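Structure assessment
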Amino acid sequence: YYNVPVSINMLSKTDALDISLFPNPAKDKINFAANGNSLAGGLCIRVIDMLGKERMRQTVFNNKAVLNISQLPVGVYILLYSRNGDKLASKAFIKE
């Protein structure tokens, strides 16, 4: 028995992001679009493979961006979105 504190960070509606990725599946580039909270201060986007390895990291300051994924091998990836270390959202995409 371990006494380990556990916490859950709740996001307010003002922190919520509605994120779109397209096209999905993608070959060379994937478009990112965020609706909702301002991206002031930047949004960290991390691409994680199915083994949990970070394959790419980029900070975006606009509600739209294009990510160059041409160097990634074919597979399924997770995009993790965070700001100031707080996870805001995640989306999966397929690299053809």
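Going by the structure above, here's the rest.
The written sequence of each chain sets the order in which its residues are numbered from 1. Where totals are concerned, whole chains, interfaces and linings use all residues; where local detail is concerned, this predicted model gives features only for residues with pLDDT of at least 70, and gives and counts side-chain atom pairs only at 80 or more. Here the side-chain values reflect all heavy atoms present in the structure, with hydrogen atoms and water set aside.

**Side note on the packing of aromatic side chains**
Between 30 and 60 degrees the pair is tilted, below 30 it is stacked and above 60 it is edge-to-face, where a pair is any two Phe, Tyr or Trp rings, Trp via its six-membered ring, whose centres lie within 6.5 Å. Counted under the stated rule, the structure contains two aromatic pairs. Here Tyr77 and Phe93 contribute two aromatic rings whose centre-to-centre distance is 5.5 Å and whose plane-to-plane angle is 25°, an arrangement assigned as stacked. With a gap of 16 residues between them, Tyr77 in strand 6 (residues 75-83) and Phe93 in strand 7 (residues 86-95) connect regions that are remote in the sequence. Whether a residue is buried, partly exposed or exposed follows from its accessible area with a 1.4 Å probe, protein chains only, as a fraction of its type maximum: under 20%, in between, or over 50%, in that order. Accessibility expressed as a relative area gives 3% for Tyr77, which makes it buried. To qualify as a helix, a DSSP run of H or I must reach at least 4 residues; to qualify as a strand, a run of E must reach at least 2; elements of each kind are numbered from the N terminus.

**Quick notes on the sheet that holds strand 7**
One open sheet accounts for four strands, arranged 4-3-6-7; its pairing is antiparallel. In the strand order of this sheet, the two ends are held by strand 4 (54-60) and strand 7, each with one partner. Sheet twist, expressed as the average angle between the axes of neighbouring strands with direction ignored, equals 20°. At least two bridges found by DSSP between two strands is the condition for calling them paired. To obtain an axis, a line is fitted to C-alpha atoms, over the contacting stretch when the element is a helix, and the angle between two such axes runs from 0 to 180 degrees between their N-to-C directions.

**Concerning the environment of Lys53**
Along the chain, Lys53 falls in the loop between strand 3 (43-49) and strand 4. Spatially, the C-alpha atom of Lys53 lies 9.9 Å from that of Tyr77, the residues being 24 residues apart in sequence. If sequence neighbours within four positions are ignored, Lys53 has contacts with Val47 and Ile48. Note on contacts: a residue pair qualifies if any of its non-hydrogen atoms lie within 4.5 Å across the two residues.

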